[in-house]
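Chains, contacts and geometry: an overview
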Amino acid sequence: MAFDILVSPIAERNIDDAIRYYKIYSPSAAKNFRKKLFDVFKSLQINPFFTVKYRNVRAVPLKKLPYLVFFEIYEEEQMINIISVFCTHQNPEKYP
């Protein structure tokens, strides 16, 4: 009973921005970010029932990185919609 993952255009931009940022410092850092993000995606496919942050929006952190993955679950469709990949070092007013 694996869930399908749909990544929103905003989340895609967030991911691209993070990878570009990490590539400036080190290609291995960008690779590490990508690996940890895909680890979260795999985890969500198996069990997406993490803490509800606001209404039906849930969040899960990336291990050892300052990012939260915000998502919604559509149980009937067996789908997870990734809304945003948010850097927690940003201004809190930008919090999705």
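What you see is a predicted model, and the numbers here were worked out from it, not measured in a lab.

What the protein contains, in helices and strands, is two helices and five strands. Listing the helices and strands of the protein from first to last along the sequence gives β-α-α-β-β-β-β. Here the protein has a C-alpha radius of gyration of 13 Å; the compact-globule value for 96 residues is 12 Å, and the two agree. Burial analysis of the protein (96 residues in total) assigns 38% to the buried set. Carbon and sulfur atoms make up 55% of the accessible area of the protein, which totals about 6500 Å².

If you look at the biggest cluster of nonpolar residues, it comprises 23 residues, and the most contacted ones within it are Phe33, Leu37, Leu62, Tyr67, Val69, Ile82 and Val85. Taken together, the elements giving at least two residues each to this core come down to helix 1 (9–25), helix 2 (27–46), strand 4 (67–74) and strand 5 (79–87). The element best represented in this core is helix 2, accounting for six residues. Residues within four places of Val85 in sequence aside, it is in contact with Ala11, Asn14, Ile15, Phe33, Leu37, Tyr67, Leu68 and Val69. Formed by five residues, the second largest nonpolar core is a distinct cluster that contains Val57, Ala59, Leu68 and Phe70.

This part covers unusual backbone geometry. Despite not being glycine, Arg55 shows a phi value in the positive range, around 50 degrees. Checked against the element boundaries, Arg55 lands in the loop between strand 2 (52–54) and strand 3 (57–61). Owing to a relative accessible area of 69%, Arg55 belongs among the exposed residues under this scheme. You will see that Lys64, though not glycine, has its phi angle at about 60 degrees, which is positive. Along the polypeptide, Lys64 turns up in the loop between strand 3 and strand 4. Classification of Lys64 by relative accessible area gives exposed; the value is 83%.

With that settled, consider the sheet that holds strand 3. On the basis of which strands lie adjacent, the open sheet formed by five strands has the order 1-5-4-3-2 and mixed pairing. Looking at strand neighbours, the two that pair on one side only are strand 1 (4–7) and strand 2, the edges of this open sheet. Each neighbouring strand pair of the sheet contributes to a mean axis angle of 40 degrees, computed without reference to strand direction. Alignment of strand 2 against strand 3, held across two bridges, turns out to be antiparallel. Note that in strand 3 the partner of Val52 across the bridge is Arg58. Strand contacts of helix 1: strand 1, strand 4 and strand 5, with the helix running at about 40 degrees to strand 5, the strand carrying the most contacts.

Conventions we followed
Per chain, residue numbering runs from 1 following the sequence as it is written. The model is predicted, so local features are restricted to residues of pLDDT at least 70 and side-chain atom pairs to those at 80 or more, both for listing and for counting; the totals for chains, interfaces and linings are taken over all residues. With hydrogens and water excluded, all non-hydrogen atoms of the structure serve as input to the side-chain values. Numbering of helices and strands runs from the N terminus, with a helix taken as a DSSP run of H or I at least four residues long and a strand as a DSSP run of E at least two residues long. Values of the radius of gyration come from C-alpha atoms, whereas the globule rule sets the reference at 2.2 Å times the count of residues to the power 0.38. Whether a residue is buried, partly exposed or exposed follows from its accessible area with a 1.4 Å probe, protein chains only, as a fraction of its type maximum: under 20%, in between, or over 50%, in that order. Accessible surface area values rest on a Shrake-Rupley calculation with a 1.4 Å probe, where residue burial reflects the displayed protein chains alone. Nine residue types can take part in a nonpolar core, namely buried Ala, Val, Leu, Ile, Met, Phe, Trp, Tyr and Cys, and a core is a set of them joined through side-chain atoms within 4.5 Å. Contacts are assigned to residue pairs with any non-hydrogen atoms lying within 4.5 Å of each other. At least two DSSP bridges between two strands are needed for those strands to be called paired. Helix axes use the C-alpha atoms of the stretch in contact, all axes being lines fitted to C-alpha atoms, and the angles between their N-to-C directions lie in the range 0 to 180 degrees.

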